[in-house]
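Here is what each chain is made of, one letter per residue.
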Amino acid sequence: MIYKIAYNNIKKSIKDYAVYFFTVMLGVAVFYVFNAIGTQGAMLKINKSSSQLITMMTNVLSGVSVLVSIVLGFLIVYANSFLIKRRRKEFGVYMILGMSKKKVSYILFIETLLVGLISLGAGLVIGGLLSQIMGLAVAKMFAANMTAYRFTFSLPAMLKTMEYFGIMYLFVMIFNVISISKAQIITLLRKKENQSMKMRNPLLCTVIFIAGVIILGIAYYWVIDLNRLTKLLAYVGKNGSGILLPIAMGMVSTFMIFYSVSSLATILVKKTKGYWKGLNSFTFKQLSSQIHTMTVSLSIISILLFITITILGTASSLTASLNNTYRESTTADFSFMSWHAKPDFPTVLKKNGFDVNKEFKNYVTVKQYNLKKSEMSYSKILGAKASKYRNWTQLNMMWSAMSISDYNKLAKMFHHKQYKLSANQYMILCDYDNSGRIINEGLASKPSLTINGKTLQSAYTKYQVGCVRMISGYNPGILIVPDQAVANMHNEYQEIMAGNYAGHHKQATEDRFMQACSRCKQSIKGFDYSYETKLRFIANSTGVSALVTFVGMYIGIVFLITSAAILALKTLSQMIDSTARYEVLRKIGSEQKMINGSILKQVLVLFLFPLLLAIIHSFAGMKFSSILLASGGMKGDIHTTWLVFAALALIYGGYIFVTYQMSKNICNTSKITVD
């Protein structure tokens, strides 16, 4: 009998389970997809290095899954509490008819179990399909042989998903038993109605709204400019804790805006003609009451959406930056810098069993001289303006110089722009934006420099883009001078060698090269080296790109599901408490089409208002992220890609649709509810 009741209840209340089902299904699908990446990688023909990177990425995602499972667990419990609230009168009727709390709990246990199994099955099916798309992304990212790719379902990922969600459902069932055991019949049967909203003081709301906007503007002001951000971090807190100030200001101002906007909007909209058309007055009063009641929730949801957009946008931008750096930085096979390689690096290598003339297709060697502070420094470039940057850590950086002919050799090898200088000119090369802005400030006055006894004038009023190593984005500044300025220079120097390997077995050549360098370091006192190679960069950038992309997507999508689900449940709870109002509308002759239109407007505003504020926040958030990326040598152009819009459209749009359909069901069946 109990099983039959539970089964019939699910059939009867299937619409009530829509948000719950949708949330669990999405959670299962996302959890499975990101935990199946390791299986997808194992099916591909990739090299040992890429295989190790996929293993590392899988381990990181597995760790992130623990945090994700906790978030989803709380979300499922919260969604389940909504179902109990929705059906409290039904449970009260069961108890009036003589059913014990134990049996009611058992019925709820069976229903939860059945819905959980259905959601789990649907989520695994969807996750299995989506994981194939993820597998293609992994294959493309690691340049795998696609002939080995085939449809696969990950049994380990499925078992892990079932294990984690089984634990979640155990807590849900315990929560249900506790809720029913503590419930009183009178509490279950009592009808809760929205209390009439007390209008907040209009003058106070105006002041709070204006203050909130000003505080938000100040927070934006501090984080969207590098110089202002540097000052903030220098004067507020230590170890970067100063960034907490604009974050706190943003959170407080968000609450202030939501707190005041409903009362202000009510005053303004009442003065328009459209307020009295159709059910607009009813719709707007409902919205004002809902925003008034959900102020804290809407503020939190808006912040969560802001974090989601920023995470997804930053992850996609970092991936794009790494890909751009890869294209720009792999025009040669290697770039080596050696210290104390006397008489020169190729000779030292040959003595240690590596003949560059046989192993390399082509190569160039150049010298980079260390300059004295009396010859070159940021202070000499900036002059009197240097006091502005006295707290800048790179102000006393050691500079190096290279002759124009040597630089052009490297530029030709790296496919960079080549330059010309007259006998009394110098130029500064840089591709690190944070340093470049300060260099430009000094070069605007074309300061003169004395290098190796020769006085030189700047050929340009701005730095020129370029670098002397293979990987771009990390050159804070190097001085390029005429050949005569470094002739017979006795300063210490480093030798840079760049070129391309001969033959098709480049990895084997690189291995021999590394072994020879290691022997040089062991046999020559003071010898040392640093290097970048195309093969190494491809492996590292691919691994970092994949890790950032997948972790960012994982966390961002879970945050998006959490935000949308909480907002949906809050909106539906408000609808449940307002059912009598819709019954009154029907009694006074309002058409069902008009009522549905009012419900749609409410749902859209409640979902789009926090999203709009989150998008506004995200402009400042992604600008801040671009500054952080630029400080790490990355291209700082943050942009939202199709991934962000697709996630918002599918997940957020899906919750809007489900919430609207459930809201119609709640309000349209209010006439048969037990009063």
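Residues numbered from 1 in each chain as written. Predicted model: local features only at pLDDT ≥ 70, side-chain atom pairs only at ≥ 80, totals over all residues. Heavy atoms only, no water.

Draft legend 1. Structural detail: the overall build of the protein chain. Looking only at helices and strands, the protein chain features 24 helices and ten strands. When each of the 675 residues of the protein chain is scored for burial, the buried share is 53%. Taking as baseline every contact in the protein chain between residues at least 6 positions apart, the subset at least 24 positions apart corresponds to 85%. (Helix = DSSP H or I, 4+ residues; strand = E, 2+ residues; numbered from the N terminus. Buried < 20%, exposed > 50% of the residue type's maximum accessible area, 1.4 Å probe, protein only. Contact = heavy atoms within 4.5 Å.)

Draft legend 2. Focus on the packing of aromatic side chains. Summed over the entire model, instances satisfying the criterion amount to 30 aromatic pairs. Ring geometry for Tyr106 and Phe109: centres 6.1 Å apart, planes at 10°, overall stacked. On the criterion of helical spacing, the pair formed by Tyr106 and Phe109 is a turn pair, its members being three residues apart in helix α6 (residues 101–141). On the basis of relative accessibility, which here comes to 33%, the residue Tyr106 falls in the partly exposed class. Relative to Tyr529, the ring of Phe527 lies with its centre 6.1 Å away and its plane at 40°, an arrangement referred to as tilted. The pair Phe527 / Tyr529 is uniform in exposure class, with both members buried. Ring pairing ties together the aromatic residues Phe334, Phe336, Phe345, Phe354, Phe360, Tyr363, Tyr501, Phe513, Phe527, Tyr529 and Tyr531, which thus form one cluster. (Phe/Tyr/Trp six-rings, centres within 6.5 Å; stacked < 30°, edge-to-face > 60°.)

Draft legend 3. Just the environment of Gly212, in detail. The residue Gly212 is located in helix α9 (residues 202–223) in this model. Taking the C-alpha atoms as reference points, Gly212 and Ser260, separated by 48 residues in sequence, lie 9.3 Å from one another.

Draft legend 4. Summary view of a nonpolar patch on the surface. Residues Tyr3, Tyr106, Phe109, Leu113 and Leu117 make up a contiguous nonpolar surface patch of about 470 Å² in total accessible area. Secondary-structure assignment places Leu117 in helix α6. (Patch = residues over 30% accessible without salt bridge, like charges linked within 9 Å, V, L, I, M, F, W, Y side chains within 5 Å. Areas by Shrake-Rupley, 256 points an atom, 1.4 Å probe, with all protein chains shown as cover. Salt bridge = Lys/Arg side-chain N within 4 Å of Asp/Glu carboxyl O.)

Draft legend 5. Spatial organisation of the confidence of the model for the protein chain. Per-residue confidence for the protein chain averages 82 on the pLDDT scale, and 84% of its residues sit at or above 70. Confidence drops under a pLDDT of 50 for residues 671–675, and excluding neighbours within four residues, the segment shows six contacts in the predicted structure. (pLDDT = per-residue confidence, 0-100.)

Draft legend 6. Spotlight on the state of the cysteines. Counted under the stated rule, the structure contains zero disulfides. Of all cysteine sulfurs, the one in Cys520 lies closest to Cys517, which takes part in no disulfide; the gap is 5.9 Å. Judged by relative accessible area, Cys517 falls into the buried class, the value being 0%. (Disulfide = S-S within 2.5 Å.)

Draft legend 7. Inspection of unusual backbone geometry at higher detail. The peptide bond linking Lys342 to Pro343 adopts the cis configuration, its omega dihedral lying at 0°. Inspection of the secondary structure assignment puts Pro343 in the loop between β1 (334–339) and α14 (345–351). Here the phi dihedral of Asn452 falls at roughly 55°; this positive angle occurs in a residue that is not glycine. Topologically, Asn452 is positioned in the loop between β5 (449–451) and β6 (454–458). A positive phi angle is found at Asn488, which is not glycine, with a value near 60°. The topology assignment puts Asn488 in the loop between α19 (483–486) and β9 (493–501).

Draft legend 8. Layout of the pairing of strand β3 (residues 400–403). The two faces of β3 match: Ser400 and Met402 on one face and Ala401 and Ser403 on the other face are all buried. Relative to β3, strand β2 (residues 360–370) is paired through two bridges, and the arrangement is antiparallel. Counted as the bridge partner of Asn370 is Ser400 from β3. Relative to strand β8 (residues 478–481), β3 runs parallel, the two sharing three bridges. Bridged to Met402 within β8 is Ile480. (Pairing = 2+ DSSP bridges.)

Draft legend 9. Looking closely at the pattern of salt bridges. According to the stated counting rule, one finds seven salt bridges in the structure shown. The closest approach of N and O atoms between Asp333 and Lys506, which form a salt bridge, is 3.3 Å. Of this pair, Asp333 sits in the loop between α13 (295–329) and β1 while Lys506 sits in helix α20 (residues 506–523), and the two are 173 residues apart along the sequence. The partner of Lys388 in a salt bridge is Glu441, with the nearest N and O atoms 2.7 Å apart. With Lys388 in the loop between α16 (378–382) and β3 and Glu441 in helix α18 (residues 433–443), this pair connects stretches of sequence that are 53 residues apart.

Draft legend 10. Broad picture of the nonpolar core. Counting residues in each nonpolar core, the largest one holds 99 residues, and the members touching the most others are Tyr20, Phe34, Phe550, Tyr554, Tyr652 and Tyr655. Among the elements that make up this core, the one with the highest residue count is helix α21 (residues 534–577) (17 residues). Beyond its immediate sequence surroundings of up to four residues, Tyr20 is in contact with Ile76, Ala79, Asn80, Leu83, Thr112, Val115, Tyr169 and Val172. Grouped together as the second largest cluster of nonpolar side chains are 29 residues, Leu449, Val481, Ala485 and Met489 included. (Core = buried A, V, L, I, M, F, W, Y, C linked by side-chain atoms within 4.5 Å.)

Draft legend 11. Looking closely at the packing of α9 against helix α11 (residues 244–269). Two elements in contact, α9 and α11, have axes separated by 7 Å at closest approach and are oriented at 150°. Compared by their axis directions, α9 and α11 come out roughly antiparallel. α11 is crossed by α9, and the crossing has left-handed handedness. The residues of α11 that touch α9, namely those facing Pro202, Cys205, Thr206, Ile208, Phe209, Ala211, Gly212, Ile215, Leu216, Ile218, Ala219 and Val223, are Pro246, Met249, Gly250, Ser253, Met256, Ile257, Tyr259, Ser260, Ser263, Leu264 and Ile267. In terms of residue class, the contact of α9 with α11 is built from 17 nonpolar, six polar and no charged. (Axes fitted to C-alpha atoms, helices over the stretch in contact; angles between N-to-C directions. Parallel < 35°, antiparallel > 145°, perpendicular 65-115°, else oblique. Left-handed = near helix turned anticlockwise from the far one by under 90°. Nonpolar A, V, L, I, M, F, W, Y, C, P; charged D, E, K, R; others polar.)

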